[in-house]
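So you can see what is in the structure, the chains are spelled out below.
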Amino acid sequence: MTESYYKIALAGNPNVGKSTVFNILTGMNQHTGNWTGKTVSLAGGSYLYQNKTYEITDLPGTYSIRSYSREEEVAGDYLRQNHSDCVIIVANANALERSLVFAMQALSLNCRAVLCLNLCDEAERNGVFIDEQKLSRLLGIPVVKCCAIKKQGVDKLKRAVADVCSGKLICPEFSAVVPESKPSHTEYIRELSAVSAAFCRACVTKSGNDRVTRRTRKLDKLLTSKLTGIPIMLLVFALLFWITVVGANYPSQWLSMLFSQFKGVLSGFFDVLNAPVWLKGILTDGVYTTLSWVVSVMLPPMAIFFPLFSLIEDSGYLPRIAFNLDRSFAKCGTSGKQSLTMAMGIGCNACGVTGCRILERKSERQTAIVTNSFMPCNGRFPILIAITMAFFTAQTDSLPAYFKVTAVLLIIISAAVLLTLAVSKLLTSFVYKDGEPGFALELPPYRKPQVIKTIARSLTDRTLKVLGRAAIVAAPAGAVIWLTANLHPGGVSLLDHITELLEPFGAFIGLDGVVIAALLLGFPANEIVIPVMVMAYMSGTTLQEVAGYGQLHQILVSQGWTAATAVCMLVITVLHFPCSTTCLTIYKETGSIKTTAAAFLLPASTGVLLCALISHIACWFGF
Amino acid sequence: MGDVMKHTIPLCDLTMGKRAVIAGLDDTVCMSRRLADMGVVKGNVISMEYKSMGGDPAAYRINNTLLALRLADCKKIAVIPLTEDCYD
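An account of the accompanying structure is given in this report.

**So, the environment of Glu73(A)**
All names here are of chain A. Among the structural elements, glutamate 73 can be located in helix α2 (residues 70-81). The exposure class assigned to glutamate 73 is partly exposed, which follows from its relative accessible area of 41%. Taking the C-alpha atoms as reference, glutamate 73 lies 9.5 Å from threonine 62; in sequence the two are eleven residues apart.

**Quick word on the interface of chain A and chain B**
Contacts between the two partners involve 44 residues from chain A, matched on the other side by 35 residues from chain B. A combined buried area of about 3700 Å² lies between chain A and chain B, and 55% of that area is made up of carbon and sulfur atoms. The interface formed by chain A and chain B contains two salt bridges. We note a salt bridge from Asp326(A) to Arg70(B), for which the minimum N-O separation is 2.7 Å. At the surface where chain A touches chain B, the tally comes to nine residue pairs in polar contact (both at pLDDT 80 or more). Broken down by secondary-structure element, the contributors of at least two residues to the side of chain A that touches chain B are α3 (96-109), α7 (185-203), α8 (211-223), α9 (229-273), α11 (318-331) and β9 (440-442) of chain A. With six residues, the single largest contributor to the side of chain A that touches chain B is α11(A). Looking at side-chain class alone, the side of chain A that touches chain B contains twelve nonpolar, 17 polar and 15 charged residues. With three bridges joining them, β9(A) and strand β5 (residues 65-69) of chain B adopt antiparallel strand pairing. Paired with Glu442(A) across the strands is Leu67(B), a residue of β5(B).

**Some remarks on the packing of helix α19 (residues 513-521) of chain A against helix α20 (residues 529-537) of chain A**
Residues and elements named next belong to chain A. Direction vectors running N to C along α19 and α20 enclose 140°, while the axes themselves pass 9 Å from each other. The angle between α19 and α20 falls in the class oblique. In this structure, α19 meets α20 at a crossing whose hand is right-handed. Touching Val514, Val515, Ala518, Leu519 and Leu521 of α19 are Val529, Val532, Met533, Ala536 and Tyr537, all from α20. For the contact of α19 with α20, the per-class residue count stands at ten nonpolar, no polar and no charged.

**Comments concerning a nonpolar patch on the surface**
Taken together, the side chains of Val451(A), Ile452(A), Ile455(A) and Leu459(A) present a nonpolar region at the surface, about 340 Å² in accessible area. For Val451(A), the location among the structural elements is in helix α17 (residues 451-486).

**Looking at the packing of helix α15 (residues 381-392) of chain A against helix α16 (residues 399-431) of chain A**
Residues and elements named next belong to chain A. Look at α15 against α16: their axes get within 10 Å of each other, and the N-to-C directions meet at 125°. The angle between the axes of α15 and α16 places the two elements in the oblique class. Two packed elements cross with a definite hand, and for α15 against α16 that hand is right-handed. Contact with α15, carried on its side by Phe381, Leu384, Ile385, Thr388, Met389 and Phe392, involves Ala401, Tyr402, Lys404, Val405, Val408, Leu409, Ile412 and Ile413 of α16 and no other residues of that element. Class assignment for the residues of the contact of α15 with α16 results in twelve nonpolar, one polar and one charged.

**Here we look at the packing of aromatic side chains**
Inspection of every chain in the model, using the stated rule, returns 17 aromatic pairs over all chains. When the centroid spacing of 6.0 Å and the interplanar angle of 80° are considered together, the rings of Phe323(A) and Tyr50(B) count as edge-to-face. You can see Phe323(A) sitting in helix α11 and its partner Tyr50(B) sitting in strand β3 (residues 45-51), one on each of two chains. Each member of the pair, Phe323(A) as well as Tyr50(B), carries the same accessibility label: buried.

**A word on the pairing of β5(B)**
Residue and element names in this part refer to chain B. Taking burial as the measure, the five residues of β5 include five buried ones, the bulk of the element. Side chains Thr65, Leu67 and Leu69 of β5 all project onto a buried face; the interleaved residues Leu66 and Ala68 project onto the opposite face, where all are buried too. Connecting strand β4 (residues 58-62) to the next strand, β5, in antiparallel fashion are two residues, including asparagine 63 with a positive phi near 50°.

**Observations regarding the sheet that holds strand β3 (residues 52-58) of chain A**
All names here are of chain A. Spatial ordering of the open sheet is given by β2-β3-β1-β4-β5-β7, a layout of six strands whose pairing is mixed. At either end of the open sheet lies a strand with only one pairing partner, and these are β2 (43-49) and β7 (143-145). Across the sheet, the mean angle separating the axes of adjacent strands is 25° when strand polarity is ignored.

**A closer look at empty space enclosed by the protein**
Throughout the structure, instances matching the rule amount to nine cavities of 30 Å³ or more. For the largest cavity, the calculated volume is near 200 Å³. In terms of lining, the largest cavity is formed by 19 residues, of which the most central are Met298(A), Cys348(A), Val466(A), Glu527(A) and Cys579(A). Among the elements of the structure, α10 (277-315), α13 (349-355), α17 and α23 (580-590) of chain A are those that each provide at least two residues to the lining of the largest cavity. Ranked by residues supplied to the lining of the largest cavity, first place goes to α17(A) with three residues. Per-class residue counts for the lining of the largest cavity are ten nonpolar, seven polar and two charged. Space inside the second largest cavity adds up to approximately 120 Å³. Around the second largest cavity, the lining is made up of 14 residues, and of these Asn94(A), Pro445(A), Arg61(B), Asn64(B) and Thr65(B) lie nearest the centre. Per-element tally for the lining of the second largest cavity: the top contributor is α8(A), with three residues. For the lining of the second largest cavity, a count of residues per class yields five nonpolar, seven polar and two charged.

Analysis parameters
- Residues numbered from 1 in each chain as written.
- Chains lettered and ligands numbered in written order.
- Predicted model: local features only at pLDDT ≥ 70, side-chain atom pairs only at ≥ 80, totals over all residues.
- Heavy atoms only, no water.
- Helix = DSSP H or I, 4+ residues; strand = E, 2+ residues; numbered from the N terminus.
- Buried < 20%, exposed > 50% of the residue type's maximum accessible area, 1.4 Å probe, protein only.
- Contact = heavy atoms within 4.5 Å.
- Buried area = accessible area lost by both parts, 1.4 Å probe.
- Salt bridge = Lys/Arg side-chain N within 4 Å of Asp/Glu carboxyl O.
- Polar contact = N/O pair within 3.5 Å; in protein donor to acceptor, adjacent residues only side chain to side chain.
- Nonpolar A, V, L, I, M, F, W, Y, C, P; charged D, E, K, R; others polar.
- Pairing = 2+ DSSP bridges.
- Axes fitted to C-alpha atoms, helices over the stretch in contact; angles between N-to-C directions.
- Parallel < 35°, antiparallel > 145°, perpendicular 65-115°, else oblique.
- Left-handed = near helix turned anticlockwise from the far one by under 90°.
- Patch = residues over 30% accessible without salt bridge, like charges linked within 9 Å, V, L, I, M, F, W, Y side chains within 5 Å.
- Areas by Shrake-Rupley, 256 points an atom, 1.4 Å probe, with all protein chains shown as cover.
- Phe/Tyr/Trp six-rings, centres within 6.5 Å; stacked < 30°, edge-to-face > 60°.
- 1 Å grid on protein atoms, 1.4 Å probe; cavity = no way out; pocket = protein on both sides within 12 Å on 5 of 7 lines; lining within 4 Å.
- Points joined across faces, edges and corners; volume = space filled by probe spheres on them.

Laid out in C-alpha cells, this is it:
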C-alpha cells in the first residue's frame, strides 16, 4: 500500500438518508438531506477502523450520474476521475428498484463498491424484505443492511468497506449493461431498469403490509387537499414566526444587558491602559458595540428559527409546499421548487441563494436567485418587528401586540411572495427565456424528525455559521460607523454630511436621509439599521439602544415620522439591496457580475418605486 | 402493436387509485431524461395517487416512490391501464 489512508466516496439518490450514513460514519456534524441539493458542496470527513484511516467524500445526492444538473456533473466527475478505494452506494431499501438503477450506473464507473441498504426499518414496516446475500451475488459487491438513524449495521458496513479496500474481497467488473454503447440516455436507463426489476423480483419479498405508504397517503390527503392544504401551510408559517418573535424577545434583552455590562469593564480596561481616546472609541463604541448588537439581536431569533425550520425540513413537509404551489409558479414560468428556496431565504438570503441549486433549469435558477432577497430574511425581521411594534401596536409586550406583529409579518411575507411571482413572470417572459420549464419532484415519505439531534445540528451548523459570517462583516462596519459619527470635517459629523446629502432622495420616497444612510451602512448586516438611525436622530456618537418600543415611537415621531413613513420603512426594509454576504454568494453561485448587479438593483428599484408611490398617494390623501 | 395502441391512454387520464404500465413517452416531454432517471421508463408500473389542490401537478407512485408531475408532461406519457386497483 502506497497511501496511508483509504479514499471512500459516498454516492446515492436523494432522500435515501445518505447524509445520515455520512454523519454516523464520521461523527461529524452535517445536515441530513431531504431534497436534492442539501449536500451542496462536497463534504468531507474521516473515520478510523482497525488502525486504518478512511477519508470519506460525501457526493451530492443525484438521480443519475450523467451530467444533467450541476450536482450530477460533480458526482459523475468525481466517480470517473477520483479512483476511490471503495464507493459506498447508499440505497433506499424501500425503493430498491430505483436505487439499483443508480447503483448499476455507479458500478459501471467503479466496481469496487459496497451497497448500503439504508432505511431498512422503514422498508420492513412497509412489508418489504430483501435477501441481501442473493443481491450481493447478483451485483458482485457486498450488500449491508443498515438503519443509519438507529446506528444499526454501521459496524458491518465498515467491515465490508475495509475488506474491499484491502483487497481481501475482490469485486468483479460489473458487466450486466454496457453503459456507453446505448444510443441514448433513456435507452440506457430503460435497459438498467429491466435488469433492476429482474434483480428485485429475485431478492425482494413483499407482504401486503404497507404502513409507511398508508401513513404518507393519509397525511398527504390532509396537507395537499384543496380545503386544508393552504390553511395548514399558513398556520405552520404563522406558528414558526410567532415562536420566533415571542421566544427571541427575552434572550435578546438578557444578551444585550450582559454585553452592556461587559462594555463597562472593557472601557475601564482601556482607561487603565491609558489608551488614546480615538482607539478606545473605535474598539469599544465602534467594533464592540456593533458586534454585540448584531449578536444579541440576531442570535436568539436564529437560534429559534433555524432549528424549527430544520424540523419542518426533516419531516418531509417542504416538498409538499412546492407541490401545492407549483401551479402558481408554473403560470409565472418557474417551478414550485422556487418556493423552497424562498422559504430558505426567510432564514437567510445567502442560504436561499445557495439553495437555488435545486432548480435544474438555468432560467429558473437565475430567476430564483435574482428574486430571493424579495423575501425578508432573519436579519431584517428585527426592523420589521420594531417598526410594527412602535407604530401599529400599543407598544407593549402583550399578547394582542404579538398577535398583531405576527399578522403584519404574515401580510408582509404574503405580499413579498406575490411580488416575487410577479417579478418572476416578468423575468421569465422578457429576460431569462429558455423554453417551457419542466417539473419532476420527489415527495419523500413523511419521517419523524429526530428532534434533539436536528436542533443540535442546526444550532452548530447553520446558526453559528450565519452568525459567524455576520460578525466578520459587522466588526469592520462598526469601526466605519464610529468614524462617520465622530469625524467632524467642517464642524459637522461625517454622518450628518451624508444624511444631508441623501435627504432629498429620502424625502422623495417618503423617508429621510437618515434612513437611507442607515440602510447603506447596514449593507454588511441589516441588524444595525435601527441603531444607526437612532444614533443619527439623537446626534449621538455611539450606537443607541432604546429602552422600549414606546421610546422608539417618541424618537421617530419627534423626527416627523407618520404612519405613512412607517409603512414606507416597512416596504424599503423588505425591498432594498441584499446584504453583502448575499451579494458575494450570488456572485459565487452564478459567476456573473451582471446577475449579481441585477439581484442588487431589482429589489432596490422596486422598493424605491413602491415607496415613492405610497408616499405620494398618502400625500394626496393628506397624511 | 396496433392492439397495444388501442389500449393506451395518456397518463393524465389515469383515474385515481389505478395502475398502469408505461408504454412510452414522447421525446418532446420536458426533461425526458430526468423522468427516466426517476423511473418513468417504458415497461415500469405507475399508479395515480392524488392531485394537488389546483389539479396540476399530480402525484404518481412509481417504484415505490412518490413523484409529482405536471399535466403538460403527463399528456405525453402513454400508459396501458391495468384492471386491478393499486390499493383498496
